Amino acid sequence: MPLLIVILGIVLLFILIAKFKLNAFITFIIVSLFVGIAEGMKLESVVESIQNGIGNTLGFLVMILGFGAMLGKLVADSGAAQRITSKLVSKFGIKNIQWAVVLTGFIVGIPMFYSVGFVILIPLVFTVAAATGLPLLYVGLPMLASLSVTHGYLPPHPAPTAITIMFNADLGKTLVYGIIVAIPAIIIAGPLFSRTIKNIKATPLKEFVNPRVLEDHEMPGLGISIFTALLPIILIAAATLADLFLPEDFYLSPIIFFLGNPVIAMLIAVLVAIYTLGLARGKKMPEIMGSVSSSISGITLVLLIIAGAGALKQVLVDSGVSDYIANMLKGSTISPLLLAWFIATVIRVCVGSATVAGLTAAGIVLPMVSNPDVNAELMVLAIGSGSLMLSHVNDGGFWLFKEYFNLSVKDTLRTWTVMETTVGVMGLIGVLILNTFI
């Protein structure tokens, strides 16, 4: 019965979001109340559980996502994203144009939310395709594969970061493992796959045929653009590597770990960006702070959705459903990584949102992470891979891609959906291979 109630709860989640178009945060709260009450919790206990779930989930995440949004906005508004794109394209040349946009998508995608990175980079893709005469999908799809993978796999993006915290996983290790798994997934789903669909015609939206491109003197240099965009990754990775290779009593270790703390790393990156991409380029502080303030409005809904998922997770724990599922799965011979990936995939197909799919799946498989034989960091990546699977008509990203590239639904399924599914499958394969070595 407890499992049946959870299944009914997920079905209700799907119906309210997909059919009735109800806001995901409201839906999560309704489903949390339904599951808690149906599982026999007292009414006051359900409300208290929801409050605790929201508080525990957002406590650490608000700072990470807030600073991440600020950094992404500063990188975009300063022209750093355009500088990275234009320089890489000119360095790689037309023959290797796909690798240039892949690298651009990866560098820009790490500090930026998917939708922001998409909107910022798509006009540049249109410009590159027009200048080189290459098919639009041949140029655009590899970049979107990079953006999609960073969104699904890597902190500081919302779902991977929230799931890492939920599982008490190490954020630095998740990032390092995620990059290892991401590279082959991007190569196969991006440059290699896009070479098989040259016959599918795509045309840019007419509003972007002549996109506004910044002049050279309006943009920061390439070195400072890449350094600022990747600074949080550099700091977090340095702390992770120090933990793996430096002796415990090394006198600089406390400072390295402090600077590599995700919150501190993001804060430092934002402060550096304010100077390198703002003040150093002659911008006034009010203008810079205007960009910073506007960036926060874009993540408010994301934070609420994550909060709602945290509420459902806490209800599953407090009602005893998590323990019930854990006991039921104890004798299972299926790999926990494969099971987590499959659950995330099913929810993704039903609900559409990768963030919702990842966080809901994480709440369901949470008890499995307490098993000492299960690697928490790889569980985060398995769920992230599953949450990108089989994007179709109930996913906002599907329609964003379709409309910007002027494709039919059939051709969007043949391109976007296959690319996303390839990313999800390759992610699972990468995680299972990595699991044999860790």
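No experiment lies behind these values; they were computed from the predicted model shown.

Overview of the overall build of the chain
Within the chain, the secondary structure is distributed over 20 helices and zero strands. Taking 2.2 N^0.38 as the reference for a compact globule, 438 residues should give roughly 22 Å; the C-alpha atoms of the chain span a radius of gyration of 22 Å, in line with that estimate. Taking the principal axes of the C-alpha coordinates as reference, the chain spans close to 65 × 60 × 45 Å. If you take every contact in the chain between residues at least 6 apart in sequence, the share linking residues at least 24 apart comes to 80%. Here the chain carries 23 positive and 21 negative side-chain charges, and the mean point of each set is 14 Å from the other.

Concerning the packing of aromatic side chains
A full pass over the atoms with the stated rule returns three aromatic pairs. Within the aromatic cluster, the residues linked to one another by ring pairs are F401, F405 and W416.

What about the packing of helix α7 (residues 136-153) against helix α20 (residues 409-435)?
Two numbers describe how α7 lies on α20: the axes approach to 10 Å, and their chain directions differ by 45°. Taken together, the axes of α7 and α20 are oblique relative to one another. For α7 against α20, the interelement crossing comes out right-handed. Within the contact between the two elements, α7 uses L137, L141, L144, A145, S148, V149 and Y153 and α20 uses T415, M419, E420, V423, M426 and G427. The residue makeup of the contact of α7 with α20, split by class, is nine nonpolar, three polar and one charged.

Comments concerning empty space enclosed by the protein
Summed over the entire model, instances satisfying the criterion amount to three cavities of 30 Å³ or more. Lining the largest cavity are V6, G9, I10, L13, V31, V35, L312, L316, T360 and I364. Breaking the lining of the largest cavity down by element, the ones donating at least two residues are α1 (2-19), α2 (24-38), α14 (300-318) and α17 (354-369). A total of four residues in the lining of the largest cavity trace back to one element, the largest contributor, which is α1. Tallied by class, residues from the lining of the largest cavity come to eight nonpolar, two polar and no charged.

What about the side chain of S387?
In this fold, S387 is placed in the loop between α18 (376-386) and α19 (396-404). On the accessibility criterion, S387 (4% relative accessible area) is buried. From its side chain, S387 meets the backbone oxygen of G384 in a polar contact 2.7 Å long. Discounting chain neighbours no more than four positions away, the residues touching S387 are A344, R348, A354, A357 and G358.

A short note on the side chain of S253
Relative to the assigned elements, S253 resides in helix α11 (residues 253-260). When neighbours within four sequence positions are excluded, S253 is seen to be in contact with P247 and E248.

Notes on the confidence of the model for the chain
Averaged over all residues, the pLDDT of the chain is 85; the fraction at 70 or higher stands at 95%. At the level of individual helices and strands, the chain shows its lowest average pLDDT in helix α15 (residues 321-329), which scores 70, and its highest in α18, which scores 95.

Some words on the packing of helix α4 (residues 80-92) against helix α10 (residues 222-245)
Interaxial distance between α4 and α10 falls to 9 Å at its minimum, and their mutual angle equals 120°. The angle between the axes of α4 and α10 places the two elements in the oblique class. For α4 against α10, the interelement crossing comes out left-handed. Taking contact as the criterion, the partners of A80, R83, I84 and K87 in α4 are, on α10, L222, S225 and I226. Residues of the contact of α4 with α10, tallied by class, amount to four nonpolar, one polar and two charged.

Examining the pattern of salt bridges
Per the stated rule, a full pass over the model turns up three salt bridges. We note a salt bridge from K73 to D77, for which the minimum N-O separation is 3.7 Å. In this pair, K73 and D77 both sit in helix α3 (residues 43-77), four residues apart, roughly one turn of the helix. The class for K73 is partly exposed, based on a relative accessible area of 27%.

What about unusual backbone geometry?
Even without being a glycine, K21 presents a positive backbone phi close to 55°. Secondary-structure assignment places K21 in the loop between α1 and α2. In the Ramachandran plot, N406 falls in the positive-phi region, its phi being about 55° despite a non-glycine side chain. For N406, the location among the structural elements is in the loop between α19 and α20. Residue classification places N406 among the partly exposed residues on the basis of a relative accessible area of 40%.

Digging into the nonpolar core
One finds L144, Y153, F167 and F405 to be the most contacted residues of the largest nonpolar core, which totals 143 residues. If you tally residues by element for this core, the top one is α3, at 13 residues. Other than its neighbours up to four places away in sequence, F405 contacts I122, F126, L136, L137, G140, L144, A202 and T203.

Focus on a nonpolar patch on the surface
On the surface, a nonpolar cluster with roughly 430 Å² of combined accessible area is contributed by I7, V11, F14, I15 and F20. Looking at the secondary structure, you find V11 in helix α1.

Describing α4
In an α-helix, one turn spans 3.6 residues, which is why side chains three or four residues apart end up on the same side. Helix length check: α4 (13 residues) gives 18 Å between terminal C-alpha atoms against 18 Å at 1.5 Å per residue, within 8%. Listed as buried for α4 are A80, A81, Q82, R83, I84, T85, L88 and V89. Once α4 finishes, G93 follows within two positions and takes phi at roughly 80°, a positive value.

Remarks on a negative patch on the surface
There is a patch of like negative charges on the surface, built from D170, D243, E248 and D249. Taking relative accessible area as the criterion, D243 reaches 45% and is therefore assigned partly exposed.

Definitions and limits used
- Residues numbered from 1 in each chain as written.
- Predicted model: local features only at pLDDT ≥ 70, side-chain atom pairs only at ≥ 80, totals over all residues.
- Heavy atoms only, no water.
- Helix = DSSP H or I, 4+ residues; strand = E, 2+ residues; numbered from the N terminus.
- Rg over C-alpha atoms; globule rule 2.2 N^0.38 Å.
- Contact = heavy atoms within 4.5 Å.
- Lys, Arg positive; Asp, Glu negative; His and termini not counted.
- Charge placed at Lys NZ, Arg CZ, Asp CG, Glu CD.
- Phe/Tyr/Trp six-rings, centres within 6.5 Å; stacked < 30°, edge-to-face > 60°.
- Axes fitted to C-alpha atoms, helices over the stretch in contact; angles between N-to-C directions.
- Parallel < 35°, antiparallel > 145°, perpendicular 65-115°, else oblique.
- Left-handed = near helix turned anticlockwise from the far one by under 90°.
- Nonpolar A, V, L, I, M, F, W, Y, C, P; charged D, E, K, R; others polar.
- 1 Å grid on protein atoms, 1.4 Å probe; cavity = no way out; pocket = protein on both sides within 12 Å on 5 of 7 lines; lining within 4 Å.
- Points joined across faces, edges and corners; volume = space filled by probe spheres on them.
- Buried < 20%, exposed > 50% of the residue type's maximum accessible area, 1.4 Å probe, protein only.
- Polar contact = N/O pair within 3.5 Å; in protein donor to acceptor, adjacent residues only side chain to side chain.
- pLDDT = per-residue confidence, 0-100.
- Salt bridge = Lys/Arg side-chain N within 4 Å of Asp/Glu carboxyl O.
- Core = buried A, V, L, I, M, F, W, Y, C linked by side-chain atoms within 4.5 Å.
- Patch = residues over 30% accessible without salt bridge, like charges linked within 9 Å, V, L, I, M, F, W, Y side chains within 5 Å.
- Areas by Shrake-Rupley, 256 points an atom, 1.4 Å probe, with all protein chains shown as cover.
- Expected span 1.5 Å × (residues − 1).

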